[in-house]
Amino acid sequence: MDPKDIDRATLWKKACEDKSGNIPNEKAKQLGDRIDELKKQVRDGILKVDGSNDVLTMALETSEHGGRVRGVGGYVTPTVYFNQPRRRRGNVEEAVRESVKKILDEERGEREKVVTDLNKFWAERFATLEAALKSNSQPNGPILPQVQHTPQIAGNASERASCSSAKGNSMEDHEKQFVRIHEQDNGEEKSQNSKIPRKRKHTVEKLPEAPELDFHGMPKSLKILCRYAQNMIKMNGNCIVFDMEERVFGSPRPTHILHEDILQLGGMEKLSATCIVIYMRYLYTVLEELDMVGSVTFVDPAIISAPWCGTSFVRSRKLAYRFKGAHNDQMFFIPYNSSDHWMLKIVHPVKETIYFVDSFYQSIIDSEWKHVVNDAINIFNRQRNKQGRKTPLWKILMGAPKQPTNKECGYYVMRFMRDLILEDIQGVLAKWEGTMKTTYLQEGIDEVRDEWAEFVSDKYL
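Predicted, not measured: the structure shown is a model, and the values here were computed from it. (Residues numbered from 1 in each chain as written. Predicted model: local features only at pLDDT ≥ 70, side-chain atom pairs only at ≥ 80, totals over all residues. Heavy atoms only, no water.)

Peer 1: Explain the pairing of strand 8 (residues 353–357) here, please?
Peer 2: In summary, the side chains of a regular strand alternate between the two faces of the sheet. Most of strand 8 is tucked away, with five of its five residues classed as buried. Side chains Thr353, Tyr355 and Val357 project from strand 8 onto one buried face, and the interleaved Ile354 and Phe356 project onto a second face that is buried too. Here strand 7 (residues 342–348) runs beside strand 8; their pairing, made up of five bridges, is antiparallel. Looking at the pairing, histidine 348 lines up with threonine 353 of strand 8. The loop that links strand 7 with its antiparallel partner strand 8 comprises four residues; one of these, glutamate 352, has a positive phi angle of about 55 degrees. The sheet contact formed by strand 8 and strand 9 (residues 393–396) spans four bridges and is parallel. In the strand pairing of strand 9, threonine 353 is matched with leucine 393. (Buried < 20%, exposed > 50% of the residue type's maximum accessible area, 1.4 Å probe, protein only. Helix = DSSP H or I, 4+ residues; strand = E, 2+ residues; numbered from the N terminus. Pairing = 2+ DSSP bridges.)

Shown next as structure tokens:
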């Protein structure tokens, strides 16, 4: 790609692509094709662009928002971007081009490394199999070592995470298998003095795959959804794709529900961030019904939960931007994943108070995250020209229900948010500030699972 062709339309299109470079959302794909068509017209001199009326604006057919510039990033306003002198704007665009070129080079290098690792992996496996097939030293054939996983590009760990104390990885445990080569006599016996070896046939036997889900006691709606995931989504290699509305987390984004997400919920396994986000989307409908949208606001865990979301300062800025315009009674629910464990923060930015709810550790284990929230509140105060506390007040809610094992943290975070919304928030927080330690019954967790399944089935299927 010519660096001169990299503009904010290119960046917008790049943000819609998956790891393979494809645009999974059909609507976004059509807009991407429209962008390519318009850019070609610009190169051919057929179309002229001027200021904010550029390729991206024409493709989206909507004018720029007042507070940000699409395709450039947060905290860049139209006034700053479009009204700069030509020389300064050229410097900004050149810096953007260099940044994108660096990202593209890194992705290309990563793909080449994966291909090299794959070739090496399969060469070693074929060599081992060939040596095993040629060996007749044991009557039942040699036992091959445990099959290793094919190298893959690392994914977003925050979307596949839970308690750090869990032993092993259930998904990996299900995939592990041993392969044994059996040499069986086909019945054609030769004389003892014959130099012709007996004919043998080789079969590969695998241990049984992971057992099916136990549907006994599973909520009916979830049972139906799990069967759909097994029979339709997994077999066809598809996923449920939809656009998360801007009103839920402050900005729209495409969201994908994989069959693994549904089966995790059905099997009471560790939950992905997608599962948490979908339940927050359901709770937003509850807030609308209760007329509480102005009292409770959600923060997308995907933008602040992990180091790949940016540096601590960048995450603080994102959080402060979400706090922008908060009023006296407004609270922000922030599910957060650290060290493969889900926790919940309820932040009251105006009162500079953070309620920390942890169903497992009962203490603040991530000092970096504490600094992220503190700095976000300090930025929020500076934006309001207010002199706040030197350090925001943190309250650890020791009386919140505690999970019984190391897999339920995601379910408890969802149930925490549900209880806070459906009951009196201040009353629940006061109760959890005490020493009362309980555990949710399975029926209480099943309510959350049932609501999740019904919402997905009704809205997205």
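Past the structure itself, the notes keep going.
Peer 1: Explain helix 9 (residues 259–266) to me, please; I cannot follow it from the model alone.
Peer 2: Each α-helix turn comprises 3.6 residues. Residues three or four places apart therefore point the same way. For helix 9, a buried count of seven out of eight residues is recorded, marking the element as mostly surrounded by other parts of the structure. Burial in helix 9 covers these residues: His259, Asp261, Ile262, Leu263, Gln264, Leu265 and Gly266. After helix 9 finishes, the residue methionine 268 shows a positive phi value of roughly 55 degrees.

Peer 1: What is the right way to look at the environment of alanine 59 in this model?
Peer 2: By the element assignment, alanine 59 lies in helix 3 (residues 55–60). Alanine 59 sits 50 residues away from alanine 9 along the chain, and the two C-alpha atoms are 8.8 Å apart. In this structure, alanine 59 is in contact with Leu31, Arg34, Ile35 and Leu38, ignoring residues within four places of it in sequence. (Contact = heavy atoms within 4.5 Å.)

Peer 1: Where do I start with the pattern of salt bridges in this structure?
Peer 2: If the charged atoms of two oppositely charged side chains come close together, the side chains can form a pair. Taken as a whole and judged by the stated rule, the model has twelve salt bridges. One salt bridge in this structure joins glutamate 37 and arginine 34, with 3.8 Å as the shortest N-O distance. Remark: arginine 34 and glutamate 37 occur in helix 2 (residues 26–43); sequence separation between them is three residues, near one turn of the helix. The exposure class of glutamate 37 is partly exposed, given its relative accessible area of 43%. With a relative accessible area of 31%, arginine 34 lands in the partly exposed category. The residue glutamate 288 makes a salt bridge to arginine 247 at a minimum N-O spacing of 3.2 Å. With glutamate 288 in helix 10 (residues 273–290) and arginine 247 in helix 8 (residues 246–249), the pair connects residues that are 41 residues apart, well separated along the chain. Residue class for glutamate 288 comes out partly exposed when judged on its relative accessible area of 37%. (Salt bridge = Lys/Arg side-chain N within 4 Å of Asp/Glu carboxyl O.)

Peer 1: So what exactly am I meant to see when it comes to the packing of aromatic side chains here?
Peer 2: Any two aromatic rings considered together are summarised by their centre-to-centre distance and by the angle between their planes. All chains considered together, the criterion is met by twelve aromatic pairs. Aromatic ring contacts, followed pair by pair, group Phe242, Tyr279, Tyr282, Phe455 and Tyr460 into a single cluster. One Lys or Arg, arginine 415, reaches over the ring of tyrosine 440 and ends 5.5 Å from the middle of that ring. (Phe/Tyr/Trp six-rings, centres within 6.5 Å; stacked < 30°, edge-to-face > 60°. Lys NZ or Arg CZ within 6 Å of the ring centre and 35° of its normal.)

Peer 1: Is there a simple way to explain unusual backbone geometry in this structure?
Peer 2: As a rule of thumb, non-glycine residues mostly have phi less than zero, and peptide bonds are mostly trans rather than cis. For aspartate 291, which is not a glycine, the phi torsion comes out positive at approximately 55 degrees. Structurally, the position occupied by aspartate 291 is in the loop between helix 10 and strand 5 (296–298).

Peer 1: Would you mind showing me how to read the environment of tyrosine 284 here?
Peer 2: Residue placement: tyrosine 284 occurs in helix 10. What makes tyrosine 284 buried here is its relative accessible area of 7%. Along the chain, tyrosine 284 and threonine 297 lie 13 residues apart, while their C-alpha atoms are 8.7 Å from each other. Look past the residues within four positions of tyrosine 284 in its chain and what remains in contact with it is Arg247, Val248, Val293 and Phe298.

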